[in-house]
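Secondary and tertiary structure notes
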Amino acid sequence: MSRQIVSIVGGKDATAASTYESINPARTGEVVARVGLADAETFAAACRTARDAQREWAKVPAPVRGRVIASIGRLVEANTERLARLVTEEIGKPYAEALGEVREIVDTCDFFLGEGRRLYGQTVPSEMPDKNLFTFRNPVGVAAVVTAGNFPVAVPSWYLVPALLCGNAVVWKPAEYAAASAHALFRLFTAAGLPDGVLNVVFAGGADTFGGLERALDEGTVQKVGFTGSSEVGRKIGELTGRHLQSACLELGGKNPMVIMPDAELDLAVEGALFSGFGTAGQRCTSLGTVIVHESVHDAFVERFARAVGAARIGDPTEDVLAGPLLDRKFADRYEEYLTWIEPHHKVVTGATGRITKDNPRGGFDGGDGLYYHPVVVDGVRPGDRLFMEETFGPIVGVTSFSTMDEALDLANLPGYGLSSSIYTTNPQHAFRFREGISAGMVSVNNSTSGAEAHLPFGGNGKSGNGSRQSGMWVLDQFTRWQAMNWDHSGRLQKAQMDVADI
Ligand code: UN1
């Protein structure tokens, strides 16, 4: 029997305006959850509820809030298998990856539980005698957090955990197609002792989310928006928050390049390209977009890469596979569209393309009614081709070649994203030149483009985001605002710049 779930605002079920069915993409006949979707007013009302709850939550001492984060981590850890199984069932992510995703929430809690006892401000010297200067981190207020469904529990925790720790309240709008996973995570968070209204979950479609967010920004109940998703929607969120003089933390798409130097260990590079190109069916924001391989090793690389892709296991995500189905129907439709981007001068080096079916099987696997698609490697992509320029968010990887490092960097930066990147080389000089020249927020050397660790700054530039960073201590600047304080105990009016002490 499928689950029935609805939004939860102020600790109570909220009314739904329509229903959405979240399906199992590995068996599309199976409904995982019937999800009640809220309208714009419910979203705006959730932000008002959050504002009221935040006033009390901010008064809870930060170390005590840190203890709540510690409890969240323990509860999530105790429910690891259950949550991972649900993630696999709902979005088709291979179970081993789903376990890793849950692990990442625990890592995030581990990092931030101690931050409750730090959340440092500073004491700063004054230019005048008998005067003390201080800085404090204040919570921003209410954060509206809108997340994608490819990492339905780990990536939301990157926002939720630090936002709550810093004394904010949150209205979280997860992707509908990952609603059951989000609901389960929400339950674990609130069971750890968060007061009602401090964390709210609202399931809503795109138009209602935008409508509700705009209303909340007009009413002044939201001070921060966190968004992980496409560059296109991120731009709209940025415009909306900008018009209201509020800021957004945007984690958007990527066209993540992998440069392979002539001195690279080729088999290692093939392994990295396979994992970041086709792991999670290419549906990570950090997935590999284009391999930029030196002309002297191009043919050898393409031959080995095509062979590795052909041998990789794609199938039931509860088994030991490289990738399961695509996340949801809408991504399957988009995959078909990306196939139309293949130009006559391109060469598909992996054989079959399209949906895996009885008539178009992959080895002995016919895909059943699952959203399984053939992985595709396209050789010969060039600047200007859509496949070279745009994120596909699917199992399609382009390959191109270069002759000089400058050329490799130009090719890598050209699409204008800037999230993740990677270089394979045995020469440290190449690695450092690449780091300096690449526009990406994240650089891997002899490692794939995906698989960030929870305590490093995560984020991108250009079309990949507005330069904001998540994870680790850097995210504190997203969820707190600095307050400066001066305290004069000289007993007279000392004027800055005018009463500077003489030597
Ligand atoms: C995403 O796809 O939105 O670096 C985030 C990685 C993951 C996070 C990806 N840990 O692949």
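Bear in mind that the values here come from a model prediction, so they are computed numbers and not experimental data.

For the chain, the count of helices and strands is 15 helices and 20 strands. Here the C-alpha radius of gyration of the chain, 24 Å, is about what a compact globule of 503 residues would show, namely 23 Å. Taking the principal axes of the C-alpha coordinates as reference, the chain spans close to 85 × 65 × 40 Å. Taking all 503 residues of the chain together, 54% fall into the buried category.

Counting through the fold element by element, N446 comes out in the loop between β19 (442-445) and α15 (476-479). Using a count of 15 C-beta atoms within 10 Å as the deciding quantity, one classes N446 as partly exposed. As for N446 and P262, which are separated by 184 residues in sequence, their C-alpha atoms are 13 Å apart. If near-sequence neighbours (up to four positions away) are discounted, N446 is found in contact with L268 and Y424.

Glancing now at unusual backbone geometry. Phi angles above zero are rare outside glycine, and L119 is one such case at about 30°. Within the secondary structure, L119 is located in the loop between α4 (95-115) and β6 (123-124). Residues other than glycine seldom take positive phi values, yet S471 does so here, at roughly 70°.

With that settled, the discussion passes to the UniProt feature "active site" (unreviewed entry) in the chain. Within the UniProt annotation, "active site" (unreviewed entry) is assigned to E251. Overall, the presence of 28 C-beta atoms within 10 Å leaves E251 in the buried class. Setting aside residues up to four positions removed in sequence, E251 forms contacts with T228, C285, G459, G465 and Q470.

In this section: the packing of helix α2 (residues 62-78) against helix α6 (residues 179-191). Viewed as axis vectors pointing N to C, α2 and α6 meet at an angle of 135°, and their least axial separation amounts to 8 Å. By the angle between their axes, α2 is oblique relative to α6. Every pair of crossing elements has a handedness; the one defined by α2 and α6 is right-handed. Taking contact as the criterion, the partners of I72, L75 and V76 in α2 are, on α6, L188, F189 and A191. When the residues that make up the contact of α2 with α6 are grouped by side-chain class, the tally is six nonpolar, no polar and no charged.

Taken together, N150, F151, V155, T228, R284, C285, T286, S450, G451 and A452 make up all the residues around the ligand. Built from parts of two domains, the shell around the ligand gets at least three residues from each of domain 1 (39-253 + 464-484) and domain 2 (256-445).

Once that is clear, we can look at helix α9 (residues 266-278). Look at α9: 18 Å from first C-alpha to last across 13 residues, which is about the 18 Å you get at 1.5 Å a residue. In this fold, the buried residues of α9 make contact with β13 (256-260), β14 (288-294), α10 (298-311), β17 (396-402) and β18 (420-424). Backbone geometry just after α9 places T280 at a positive phi near 55°.

In the UniProt entry, the feature "domain: Aldehyde dehydrogenase" (unreviewed entry) is given for residues 18-484. For residues 18-484, helix accounts for 40% and strand for 19%, while the C-alpha atoms at its two ends are 47 Å apart.

With domains assigned, the chain is organised as domain 1 (39-253 + 464-484) and domain 2 (256-445). For domain 1 and domain 2, the distance between their C-alpha centroids amounts to 31 Å. Each partner contributes to the interface: domain 1 provides 13 residues, whereas domain 2 provides 17 residues. Elements supplying a minimum of two residues to the side of domain 1 that touches domain 2: α3 (80-91) and α4. Taken together, the residues of the side of domain 1 that touches domain 2 sort by class into four nonpolar, six polar and three charged.

Before going further, it helps to spend a moment on the sheet that holds β6. The sheet built from three strands is open, its strands ordered β6-β7-β20 with antiparallel pairing. The two strands at the open ends of the sheet, each matched to only one other strand, are β6 and β20 (480-488). In the sheet, β6 pairs with strand β7 (residues 131-139) via two bridges, with the strands oriented antiparallel. Note on β7: the bridge partner recorded for V124 is L133.

Attention now goes to the packing of α3 against α6. Close contact between α3 and α6 brings their axes to 8 Å; oriented N to C, the two are set at 160°. Between α3 and α6, the crossing angle belongs to the class labelled roughly antiparallel. The way α3 lies across α6 gives a crossing that is left-handed. Residues L83, L86, V87 and E90 of α3 lie in contact with α6, whose contacting residues are A180, S181, A184 and L185. Considered class by class, the residues forming the contact of α3 with α6 number six nonpolar, one polar and one charged.

This paragraph deals with the sheet that holds strand β4 (residues 18-24). Spatial ordering of the open sheet is given by β1-β5-β4, a layout of three strands whose pairing is mixed. This sheet does not close on itself; its edge strands, each paired only once, are β1 (3-5) and β4. In this sheet, adjacent strand axes meet at a mean angle of 30° when their direction is disregarded. In the sheet, β4 pairs with strand β5 (residues 27-37) via seven bridges, with the strands oriented antiparallel.

Basis of the calculations
Residues numbered from 1 in each chain as written. Predicted model: local features only at pLDDT ≥ 70, side-chain atom pairs only at ≥ 80, totals over all residues. Helix = DSSP H or I, 4+ residues; strand = E, 2+ residues; numbered from the N terminus. Rg over C-alpha atoms; globule rule 2.2 N^0.38 Å. Buried ≥ 20, exposed ≤ 12 C-beta atoms within 10 Å, placed from the backbone. Contact = placed C-beta atoms within 7 Å. UniProt positions renumbered as here; feature names shortened; annotations may be inferred. Axes fitted to C-alpha atoms, helices over the stretch in contact; angles between N-to-C directions. Parallel < 35°, antiparallel > 145°, perpendicular 65-115°, else oblique. Left-handed = near helix turned anticlockwise from the far one by under 90°. Nonpolar A, V, L, I, M, F, W, Y, C, P; charged D, E, K, R; others polar. Near = placed C-beta within 6 Å. Domains from an automatic or database assignment. Expected span 1.5 Å × (residues − 1). Pairing = 2+ DSSP bridges.

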